[in-house]
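This is what each chain is made of:
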Amino acid sequence: MIKQLDQNVFTHAILEVNGSSGNLALQLAELKTKGFTIVKSGMCHKLADGLREKIDAIYKLQADEVGGEENLKAMNDANIARALAAYDDAFIDIAALPILSDIYMAVFGSNYTLMSQNGIINVPSTNHYQFTWHRDLNYQHYTSSRPLALSALVCIDPFNEITGGTYVLQGSHRDEAFPSKNYVLANQQVITAEIGDIIVFDSMLFHRTGANTSNMVRRGINHIVTQPFIKQQYNFPYMLGPREDITDPKVRTLLGYGFEPALDVKSWRKMKLEKVGINVD
Ligand SMILES: O=C(O)CCC(=O)C(=O)O
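Residues numbered from 1 in each chain as written. Predicted model: local features only at pLDDT ≥ 70, side-chain atom pairs only at ≥ 80, totals over all residues. Heavy atoms only, no water.

**Let's talk about the overall build of the protein chain**
We count it as follows: Counting from the N terminus, the helices are DSSP H or I runs at least four residues long and the strands are E runs at least two residues long. The size measure is the radius of gyration over C-alpha atoms, and the globule rule it meets is 2.2 Å times the number of residues to the 0.38 power. Categorising residues by exposure relies on relative accessible area from a 1.4 Å probe, with only protein chains included: less than 20% of the type maximum marks a residue as buried, more than 50% marks it as exposed, and the intermediate range marks it as partly exposed. The contact criterion used is simple: two residues touch if any of their non-hydrogen atoms lie within 4.5 Å. Areas reported as accessible are Shrake-Rupley estimates using a 1.4 Å probe. Residue values count occlusion only from the protein chains shown. When charges are counted, Lys and Arg contribute as positive and Asp and Glu as negative, whereas His and the chain ends are disregarded. For the purpose of locating charges, the reference atoms are NZ of Lys, CZ of Arg, CG of Asp and CD of Glu.
Each helix and strand counted, the protein chain has nine helices and nine strands in total. Taken over the C-alpha trace, the protein chain has a radius of gyration of 20 Å; the compact-globule value for 281 residues is 19 Å, and the two agree within 12%. By its C-alpha atoms, the protein chain is 65 × 55 × 40 Å across when sized along the principal axes. For the protein chain, buried positions account for 44% of its 281 residues. Put simply, of all contacts in the protein chain between residues at least 6 apart along the chain, 82% involve residues at least 24 apart. Of the roughly 16000 Å² that the protein chain leaves accessible, carbon and sulfur atoms contribute 54%. For the protein chain, the centre of its 26 positive side-chain charges and the centre of its 30 negative side-chain charges are spaced 4 Å apart.

This is the structure we're talking about:
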């Protein structure tokens, strides 16, 4: 949330202006310059209540399948519920929210896929791996003229100074290296948001989760969306199976159907031939 200041934009001696008015244009301009923008999804509290329960249940199931939460702690993976869309279609709907698709389409064109979708569970008075500064494209230290990936962090609980907002270093997606400690302390900003707000950011923006000093768990769902030349962290088509009931081509592309790596040359050619209507055995 940003404080509203004077609402007039008077100028003089300016001949050139970037961008047009309108929400999407504003979001794209903010993403480019600041590296983040905030979008309102209009999610109702009832839906958030349901998603909260589902995230916790998926996390428990995933912890149990690797021998319990202690093992997740040992690998710095506690309180993250991974690949939610593969467990419950409600998370496919969240990943495919039209308000997000509009941004992805404007940034990437029509081919973009879900690289990862994680439930971030910020438990009061516990440590979380995401408390440390990072980029969502881990270990990468270069800049690009267009975003390589966008992150969309959907707030399922209020994000504020007490529950833990999201800390960002504005503009840091344009720098190769992480800045000095002095720079971070002088320039870090915390984004606060309401249930249903979505913090969309360039995945190269340095950011971190804020500590939760409240007495309630604070959850968010982070998506990383890329063009399909960057491989998915989880193979959603494999986890979901063929799912012919998902017919919307935009949603299938988002989930990665049609972009699975070919097993060999023949299957790669077969796939290309099928697209031009030729079937070979
Ligand atoms: O929880 C947050 O505020 C940020 C989440 C985050 O850093 C991430 O998912 O990469």
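Additional details are given in the paragraphs that follow.
**Quick look at the sheet that holds strand 7 (residues 197-202)**
Note the threshold: Two strands qualify as a pair provided that DSSP identifies no fewer than 2 bridges between them. What counts as an axis is a line fitted to C-alpha atoms, over the stretch in contact for a helix, and the angles between N-to-C directions run from 0 to 180 degrees.
One open sheet holds the six strands; their spatial order is 1-7-4-9-3-2, and the pairing between them is antiparallel. For this open sheet the edge positions go to strand 1 (36-40) and strand 2 (80-82), each flanked by a neighbour on one side alone. On average, each strand axis in the sheet is inclined to that of its neighbour by 20°, with strand direction left out of account. Examined bridge by bridge, strand 4 (residues 149-155) and strand 7 share five bridges and lie antiparallel to one another. Among the inter-strand pairings, Leu153 is bridged to a residue of strand 7, identified as Ile199. Together, strand 1, strand 4 and strand 7 form the strand contacts of helix 1 (residues 23-33), whose direction differs from that of strand 1 by roughly 150°. Contacts from helix 2 (residues 45-65) reach strand 2, strand 3 (113-122) and strand 9 (218-226) within the one sheet, and its direction differs from that of strand 2 by about 85°.

**Some remarks on the site of the ligand**
In plain terms, the rule: To be near a molecule or strand, a residue needs just one of its heavy atoms within 4 Å of it. In protein, a polar contact means a hydrogen-donor-capable atom and an acceptor-capable atom, both N or O and within 3.5 Å, with residues adjacent in sequence counting only if both atoms are side-chain atoms; elsewhere, any N or O pair within 3.5 Å suffices.
Ile120, Gln130, His134, Asp136, Leu153, Phe159, Thr166, His207, Thr209, Arg218 and Asn222 make up every residue found near the ligand. Between the ligand and the protein, one listed contact pairs an oxygen atom with a side-chain N or O atom of His134 at 2.9 Å. A distance of 2.8 Å separates an oxygen atom of the ligand from a polar side-chain atom of Asp136. Coverage of the ligand by the protein chains reaches 98% of its 290 Å² of free accessible surface. Of all elements in the fold, only strand 8 (207-209) and strand 9 reach the threshold of two or more residues within the shell around the ligand.

**A closer look at the environment of Arg52**
As for its placement among the helices and strands, Arg52 is situated in helix 2. Arg52 sits in the buried class, given a relative accessible area of 17%. For the pair Arg52 and Ile99, spaced 47 residues apart in the sequence, the C-alpha separation amounts to 21 Å. Each residue touching Arg52, except ones within four places of it in the same chain, is listed here: Ile156, Asp157, Ile195 and Arg219. For Arg52, the side chain forms a polar contact with the side chain of Asp49, separated by 2.7 Å.

**Details of the nonpolar core**
Formally: Nine residue types can take part in a nonpolar core, namely buried Ala, Val, Leu, Ile, Met, Phe, Trp, Tyr and Cys, and a core is a set of them joined through side-chain atoms within 4.5 Å.
Grouped together as the largest cluster of nonpolar side chains are 46 residues, with contacts concentrated most on Ile55, Phe91, Tyr104, Ile156, Ile198, Val200 and Ile221. Ranked by residues supplied to this core, first place goes to helix 2 with six residues. Residue contacts for Ile156: discarding those within four places in its chain leaves Met43, Ala48, Leu51, Arg52, Ile55, Ile195, Arg219, Gly220 and Ile221. If you look at the next biggest cluster of nonpolar residues, it comprises ten residues, including Leu153, Phe159, Ile199 and Phe201.

**Describing helix 5 (residues 98-108)**
Just so we agree on the cut-off: Directions from the helix axis toward the C-beta atoms define the arc.
Of all the residues in helix 5, the buried ones are Leu100, Ser101, Ile103, Tyr104, Val107 and Phe108. Seen along its axis, helix 5 keeps its buried residues to an arc of 165°; they face one direction. Of the residues trailing helix 5, Gly109 is marked for its positive phi of about 80°.

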